Amino acid sequence: MSNGANAPLVLSEATQARFAREVAKFPPDQRQSAVMACLAIVQQEQGWVSAQAEEAVAQYLGMPPIAVSEVTTFYNMYNQRPLGRFKLNVCTNLPCQLRNGQHALEHLCRKLGIEEGGTTADGLFTIQKSECLGACADAPVLLVNDRQMVSTMSDARLDDLVETLKASAR
Amino acid sequence: MNLPDLSKFQASGRETCFHGRHIGAQIYADLDGTNWRLKDYEARGGYTALKKILGKDGGSGMTPEQVVAEVKGSGLRGRGGAGFPTGLKWSFMPRALPVQKYLVCNSDEGEPGTCKDRDILAYNPHIVIEGMAIAAYAMGTSVGYNYIHGEIFEIYERFEEALCEAREAGYLGDDILGSGFKFQLHAFHGFGAYICGEETGLLESLEGKKGQPRFKPPFPASFGLYGKPTTINNTETFAAVPWIINHGGDAYLKIGKPNNGGTKIFSMVGDVELPGNYEIPMGLPFSKLLELAGGVKGGRKLKAVIPGGASAPVLPASIMMDLTMDYDACAKAGSMLGSGAVIVMDETRCMVDALLRLSYFYMHESCGQCTPCREGTGWLWRMVHRIEHGQGRPNDLKLLDSVAENIMGRTICALGDAAAMPVRGMLKHFRDEFAYHVEHKHCMVGPGASRMAPRAEAVTA
């Protein structure tokens, strides 16, 4: 929850420059339009959107913190708590399910020894099921940390992906 | 946080777009995944339509009225799902009104089954930019946004890159090609909300709010983004415009069938051998489309098809095999062409199982504004869930009918209808299967049925 008692996150100059680029897309009196992009930037840099980050975004855009919080909580992809270093969102909607989307989710969970929605003990992986990623013909598909989509994920490719991500974290 | 190189896991487009099995492709023509840049697009004849209307091709140019008339004459209908005539929509814009007006592209492609706009934006982004610039000229709008599905973030970034190229080349800006025409276009990304594909939910989201749809009227053409006149079209709709300007509305109309002009991209997904996007002339038989996609997977028998994305009512194989793929034929058959997502299901699929996942989706994505949708979608899911798990009650099918019927038409936006229509379609064509589940506590398809739903899901009915 966002409240006035949270000291806002201090935004680095680099982060502010990224924010400014988003704000510039909109009319000067419509800075709020950049809130989704700013929150996505915060999440990319911090791994999640904390109440302190919401305060900072609110201050930067000149909007009430509760209005920022409404956005964070409405959209599925904002992390409202810290997650594993790699968030894997597996699409299990019907078109994917027809092509083993549910199986891919279960395979990952079994392999990593966690339940859907859970995070591995080493803090590396969080697995979530997700709604349509808009890549139905490439099923099974999953999204890595909101930004990279991987496609036609057979069990072998899933195993390979997990190893690749593990190796990059070493 | 930087991500490692995952390119070996990523889609190449070879299977979904550059497979050489389109028929008369306009939007996907001559793409190979590497030729998405401005210079490649120009080499394919790109931006000639924009030059033509601005009189920068040596000709006399076109007035905005002429552009709208050409689009009207083409029979182009909205490719996002509703199929509303594009030229007519454009004519609703108060072009001469001296206020800021906006143009918005709806690339929030989240209708389950659909992945066509993704391939357009990834492999031919400039065709969308050109289409939007032409639309902006026709409607007197100087600012536009392309709202891109948050889940395809890499494509959002590519579109930003394409915008930079177009600005540098003078196809976007304050004085486009020295004509005095001004149009600034920006990219915007969502972050995971199906409801933002609904045009007024999208506008709320663009304003930096929860994507909860607005009452209509007023329609966006009078009260849109920031309360200003706004036109919203789908990605594929804009992508169709340059061809229409170059070749004429009549030529476009002739490609399809009356009232259903041009080509349409279909996303063939589910139980087919070669899932992917197929651009074909509107009005082609479904059987031909299925053939392009390699037929039903594993040579199995076709059972059912959802012809227009998850929200469209399902149709049994017998109807589908006689159906042509256009707006009017799909509507006449009791379904809709929708976004062009064709979800194919073979004989091993259980319709209760399929509906269960769809019902979960609508419950999850209901924005919560309207009681019939917020409560009704959950109710539908709980009922389908208990039927699937052998706990169906004798009255459940009637109750499903009743809840679906009472959601329809009683909500601010179409998500309520979208949740109800699959239920009604399933009960219309596969009622026996649901009744069997209720009576026998197990599936009619038999032990060979390929079950998809997770087994151990707890639910409070």
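Use the structure listed above.
As a starting point, this report considers the structure included with it.

Some points on the interface of chain A and chain B
Between chain A and chain B, the contact holds 60 residues from the first and 74 residues from the second. Across the chain A to chain B interface the summed buried area is about 5600 Å²; carbon plus sulfur atoms make up 58%. Summed over the shared surface of chain A and chain B, the result is seven salt bridges. A salt bridge links A:Arg147 to B:Glu157; the shortest N-O distance between them is 3.9 Å. At seven residues, the largest contribution of residues to the side of chain A that touches chain B is made by helix H2 (residues 35-46) of chain A. Within the side of chain A that touches chain B, the residues separate by chemical class into 28 nonpolar, 17 polar and 15 charged.

Quick look at the packing of helix H5 (residues 116-123) of chain B against helix H9 (residues 235-247) of chain B
The relative placement of two packed helices is expressed as an angle between their axes plus a distance between the axes. Residue and element names in this part refer to chain B. Direction vectors running N to C along H5 and H9 enclose 50°, while the axes themselves pass 9 Å from each other. Considering their axes alone, H5 and H9 lie oblique with respect to each other. Crossing of H5 against H9: the hand is left-handed. On the side of H5, the interface is formed by Lys116, Asp117, Ile120 and Leu121, while H9 contributes Thr235, Glu236 and Ala239. When the residues that make up the contact of H5 with H9 are grouped by side-chain class, the tally is three nonpolar, one polar and three charged.

Digging into the sheet that holds strand E3 (residues 184-189) of chain B
Residue and element names in this part refer to chain B. As summarised here, the arrangement of the four strands in space is E3-E2-E1-E4, forming an open sheet in which the pairing is parallel. Of all strands in the sheet, those bounded by a partner on one side alone are E3 and strand E4 (230-234). Recorded for the sheet is a direction-independent mean angle of 20° between the axes of neighbouring strands. Strand direction decides the pairing type here: strand E1 (residues 102-107) and E4, joined by five bridges, are parallel. The residue of E4 that forms the bridge with Leu103 is Thr231. Helix H6 (residues 125-139) contacts E1, strand E2 (143-148), E3 and E4 of the sheet and is inclined by roughly 150° relative to E1. Those strands touched by H9 are E1 and E4, and its axis lies near 90° from that of E4.

Thoughts on the environment of B:Ile27
All names here are of chain B. Considering the arrangement of structural elements, one finds Ile27 in the segment before helix H1 (38-43). Overall, Ile27 belongs to the buried group, its relative accessible area being 3%. In this structure the C-alpha to C-alpha distance between Ile27 and Gln66, which are 39 residues apart in sequence, comes to 23 Å. When neighbours within four sequence positions are excluded, Ile27 is seen to be in contact with Ile120, Asn124, Ile127, Glu236, Ala239, Ala240, Ile265 and Glu279.

What to know about the packing of H6(B) against helix H7 (residues 153-168) of chain B
Residues and elements named next belong to chain B. The N-to-C vectors of H6 and H7 enclose an angle of 60°; their axes lie 9 Å apart at closest approach. Comparing their axes, H7 and H6 come out oblique. H7 is crossed by H6, and the crossing has right-handed handedness. Touching Pro125, His126, Val128 and Ile129 of H6 are Phe159, Ala162, Leu163, Glu165 and Ala166, all from H7. Residues that form the contact of H6 with H7 fall into these classes: seven nonpolar, one polar and one charged.

Considerations on the pairing of E2(B)
Residue and element names in this part refer to chain B. When you tally the buried positions in E2, you get six out of six residues, the bulk of the element. For E1 and E2, the ladder comprises six bridges, and the chain directions are parallel. Within E2, the position partnered with Tyr102 by the bridge is Val143.

Section: the nonpolar core
By size, the foremost hydrophobic cluster in this structure holds 163 residues, and its most contacted members are A:Tyr75, B:Leu50, B:Trp90, B:Val128, B:Phe183, B:Leu206 and B:Met345. Top contributing element to this core by residue count: H6(B), with eleven residues. Residues contacting B:Trp90, with those up to four places away along its chain left out, are B:Val67, B:Val68, B:Val71, B:Ala135, B:Ala138, B:Met139, B:Thr231, B:Asn233, B:Phe238 and B:Val241.

Notes on the packing of aromatic side chains
Within this structure, the stated rule accounts for 21 aromatic pairs over all chains. Relative to B:Tyr362, the ring of B:Tyr194 lies with its centre 6.1 Å away and its plane at 70°, an arrangement referred to as edge-to-face. Here B:Tyr194 is found in the loop between E3 and helix H8 (199-206), whereas its partner B:Tyr362 is found in helix H14 (residues 351-365), with 168 residues between them in sequence. Overall, B:Tyr194 belongs to the buried group, its relative accessible area being 16%. Among the residues examined, B:Tyr362 registers a relative accessible area of 1% and is labelled buried. Through a chain of ring-to-ring contacts, the aromatic side chains of A:Phe26, B:Tyr102, B:Tyr145, B:Tyr147, B:Phe188 and B:Tyr226 assemble into a single cluster. Positioned over the ring face of A:Tyr60 is A:Arg31, at 5.1 Å from the centre of the ring. Over the face of the ring belonging to B:Phe153 we find A:Arg147, whose NZ or CZ atom lies 3.8 Å from the ring centre.

Calculation criteria
- Residues numbered from 1 in each chain as written.
- Chains lettered and ligands numbered in written order.
- Predicted model: local features only at pLDDT ≥ 70, side-chain atom pairs only at ≥ 80, totals over all residues.
- Heavy atoms only, no water.
- Contact = heavy atoms within 4.5 Å.
- Buried area = accessible area lost by both parts, 1.4 Å probe.
- Salt bridge = Lys/Arg side-chain N within 4 Å of Asp/Glu carboxyl O.
- Helix = DSSP H or I, 4+ residues; strand = E, 2+ residues; numbered from the N terminus.
- Nonpolar A, V, L, I, M, F, W, Y, C, P; charged D, E, K, R; others polar.
- Axes fitted to C-alpha atoms, helices over the stretch in contact; angles between N-to-C directions.
- Parallel < 35°, antiparallel > 145°, perpendicular 65-115°, else oblique.
- Left-handed = near helix turned anticlockwise from the far one by under 90°.
- Pairing = 2+ DSSP bridges.
- Buried < 20%, exposed > 50% of the residue type's maximum accessible area, 1.4 Å probe, protein only.
- Core = buried A, V, L, I, M, F, W, Y, C linked by side-chain atoms within 4.5 Å.
- Phe/Tyr/Trp six-rings, centres within 6.5 Å; stacked < 30°, edge-to-face > 60°.
- Lys NZ or Arg CZ within 6 Å of the ring centre and 35° of its normal.

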